[in-house]
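Given next are the chains, with one letter for each unit.
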Amino acid sequence: MKIDVEVKGLEHLKIALTKQLPKKAHRKVIQKSLRISAQPMLRAARASAARSSGALAESIRTWNVIANRRREKTFATVHLGPKRSWKKSIALVSSHYGRSFTVNRLGIYHGHIIEFGSKNQPAQAYLGPAMASHGQSMIKDFGRIMAGEIEREAERLKRKQRK
């Protein structure tokens, strides 16, 4: 499930971003702001994830995605969901099921089956309800968090130039 959100009306932040920071820092500030504003949604998804071994809840993360400039129209992208290769969650699966159970090289790969179900298993949604309950507050908090991150990054760059 992919949800694209376009935020409009933050012109004052756009002006502050372009005037206070060099172009190299723009993506860093936006991605950090997105990751911080997604934390309530991340906590809700972890809390409602199925817990037989706890590996699925442990593997739910946020991570930055570098956009392919030819295909992507977005400037900054942050994903939220189960990360297959998270080593701690792979260790939880192995310890829960014992040595006889081997986790293949794909890692934690059952998150979509839990979310949407299959013909043999009913759906136990964890990401959808988290998005429904925290999506609007995430968008509202993004502007406030980004303003603080712009100030913090500008201060960091000023200190770096003084050295």
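First, a word on what this report is: a plain description of the structure on this page. Small disclaimer: the values here were computed from a predicted structure and weren't measured. (Residues numbered from 1 in each chain as written. Predicted model: local features only at pLDDT ≥ 70, side-chain atom pairs only at ≥ 80, totals over all residues. Heavy atoms only, no water.)

1. Some words on helix H2 (residues 23-37)
Then, number 1: Here H2 contains 15 residues, and its C-alpha end-to-end distance of 22 Å stays within 8% of the 21 Å for a straight helix at 1.5 Å per residue.
Then, number 2: All of the buried residues along H2 are Ala25, His26, Val29, Ile30, Gln31, Ser33 and Ser37. (Helix = DSSP H or I, 4+ residues; strand = E, 2+ residues; numbered from the N terminus. Expected span 1.5 Å × (residues − 1). Buried < 20%, exposed > 50% of the residue type's maximum accessible area, 1.4 Å probe, protein only.)

2. What to know about helix H3 (residues 39-48)
Then, number 1: Considered for burial, the residues of H3 that qualify are Met41, Leu42, Ala44 and Ala45. Projected down its long axis, H3 shows its buried positions confined to an angular sector of 165°, all on one face. In H3, the exposed residues that point more than 90 degrees away from the buried face are Arg43 and Ala47.
Then, number 2: Each element contacted by the buried residues of H3 is listed here: strand E1 (60-65), strand E2 (77-82) and helix H7 (127-162). (Arc of directions from axis to C-beta. Contact = heavy atoms within 4.5 Å.)

3. Considerations on the environment of Glu115
Then, number 1: Among the structural elements, Glu115 can be located in helix H6 (residues 111-116).
Then, number 2: In this structure Glu115 comes out as buried when scored by relative accessible area, which is 6%.
Then, number 3: Once the C-alpha coordinates of Glu115 and Ala49 are considered, the two residues, 66 residues apart in sequence, prove to be 8.6 Å apart.
Then, number 4: From its side chain, Glu115 meets the backbone nitrogen of Tyr126 in a polar contact 2.8 Å long.
Then, number 5: From its side chain, Glu115 meets the backbone nitrogen of Gly128 in a polar contact 3.1 Å long. (Polar contact = N/O pair within 3.5 Å; in protein donor to acceptor, adjacent residues only side chain to side chain.)

4. Remarks on a positive patch on the surface
Then, number 1: Together, Lys158, Arg159, Arg162 and Lys163 line one region of the surface with positive charge.
Then, number 2: Checked against the element boundaries, Lys158 lands in helix H7.
Then, number 3: On the basis of relative accessibility, which here comes to 44%, the residue Lys158 falls in the partly exposed class. (Patch = residues over 30% accessible without salt bridge, like charges linked within 9 Å, V, L, I, M, F, W, Y side chains within 5 Å. Areas by Shrake-Rupley, 256 points an atom, 1.4 Å probe, with all protein chains shown as cover. Salt bridge = Lys/Arg side-chain N within 4 Å of Asp/Glu carboxyl O. Lys, Arg positive; Asp, Glu negative; His and termini not counted. Charge placed at Lys NZ, Arg CZ, Asp CG, Glu CD.)

5. A look at the nonpolar core
Then, number 1: Counting residues in hydrophobic clusters, the biggest one holds 14 residues, and the most contacted among them are Ala45, Ala49, Leu56, Ile60, Tyr126 and Ala130.
Then, number 2: At the level of secondary structure, the elements contributing two or more residues to this core comprise H3, helix H4 (55-59) and H7.
Then, number 3: Looking at which element gives the most residues to this core, the answer is H3, with four residues.
Then, number 4: Residues in contact with Leu56, not counting those within four places in the same chain, are Ala49, Ala50, Pro82, His110, Gly111, Ile114 and Tyr126.
Then, number 5: Leu17, Phe142, Met146 and Ala154 belong to the second-largest nonpolar core, a separate cluster that totals 13 residues. (Core = buried A, V, L, I, M, F, W, Y, C linked by side-chain atoms within 4.5 Å.)

6. Section: the environment of Ala16
Then, number 1: If you trace the backbone, Ala16 turns up in helix H1 (residues 11-20).
Then, number 2: Taking C-alpha positions, Ala16 is 8.9 Å from Glu151, a pair spaced 135 residues apart along the chain.
Then, number 3: Ignoring sequence-local partners within four residues, the contact set of Ala16 consists of Leu21 and Ile150.

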